[in-house]
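# Per-entry structural report
Next come the chains, spelled out residue by residue.
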Amino acid sequence: MTRLEEIVSQLERGEAPLEQSVALFEEGTRLIQSCSKLLDSAEQKVLKLSKGPDGEPVGELFADGEE
């Protein structure tokens, strides 16, 4: 994320030559894809905790669309 923020900052300043700007944009795109994959993976591991019949916590996978 830190590198992505640096790239955005550099591109927003508009001081980089076109070739470097394109390279930064491509690097940023790759970083976004990587972060998205990590986030998707983390979301699949999230457990929803609820109280079981005996009062103890019960974990179940958090389904899409639930809050």
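Residues numbered from 1 in each chain as written. Predicted model: local features only at pLDDT ≥ 70, side-chain atom pairs only at ≥ 80, totals over all residues. Heavy atoms only, no water.

### Observations concerning helix H2 (residues 18–44)
Look at H2: 39 Å from first C-alpha to last across 27 residues, which is about the 39 Å you get at 1.5 Å a residue. By the burial criterion, the buried members of H2 are Ser 21, Leu 24 and Gly 28. Looking at the packing, one finds that the buried side of H2 touches helix H1 (2–13). (Helix = DSSP H or I, 4+ residues; strand = E, 2+ residues; numbered from the N terminus. Expected span 1.5 Å × (residues − 1). Buried < 20%, exposed > 50% of the residue type's maximum accessible area, 1.4 Å probe, protein only. Contact = heavy atoms within 4.5 Å.)

### What to know about the packing of H1 against H2
At their nearest, the axes of H1 and H2 sit 10 Å apart, and the two run at 150 degrees to each other. Overall, the two elements H1 and H2 adopt an arrangement that is roughly antiparallel. Classified by chirality, the crossing of H2 by H1 is left-handed. For the pair H1 and H2, contact is made by Arg 3, Leu 4, Ile 7, Gln 10 and Leu 11 and by Ser 21, Leu 24, Phe 25, Glu 27, Gly 28, Leu 31 and Ile 32, respectively. (Axes fitted to C-alpha atoms, helices over the stretch in contact; angles between N-to-C directions. Parallel < 35°, antiparallel > 145°, perpendicular 65-115°, else oblique. Left-handed = near helix turned anticlockwise from the far one by under 90°.)

### Quick look at the pattern of salt bridges
Inspection of every chain in the model, using the stated rule, returns 3 salt bridges. In this structure, the salt-bridge partner of Arg 13 is Glu 15, at a minimum N-O distance of 3.8 Å. Judged by its relative accessible area of 64%, Glu 15 falls in the exposed class. A network of salt bridges, in which partner residues are shared, links Arg 3, Glu 6 and Glu 27. (Salt bridge = Lys/Arg side-chain N within 4 Å of Asp/Glu carboxyl O.)

### Section: H1
Here H1 contains 12 residues, and its C-alpha end-to-end distance of 17 Å stays within 8% of the 16 Å for a straight helix at 1.5 Å per residue. Downstream of H1 by a residue or two, Gly 14 has a phi angle that is positive, lying close to 70 degrees.

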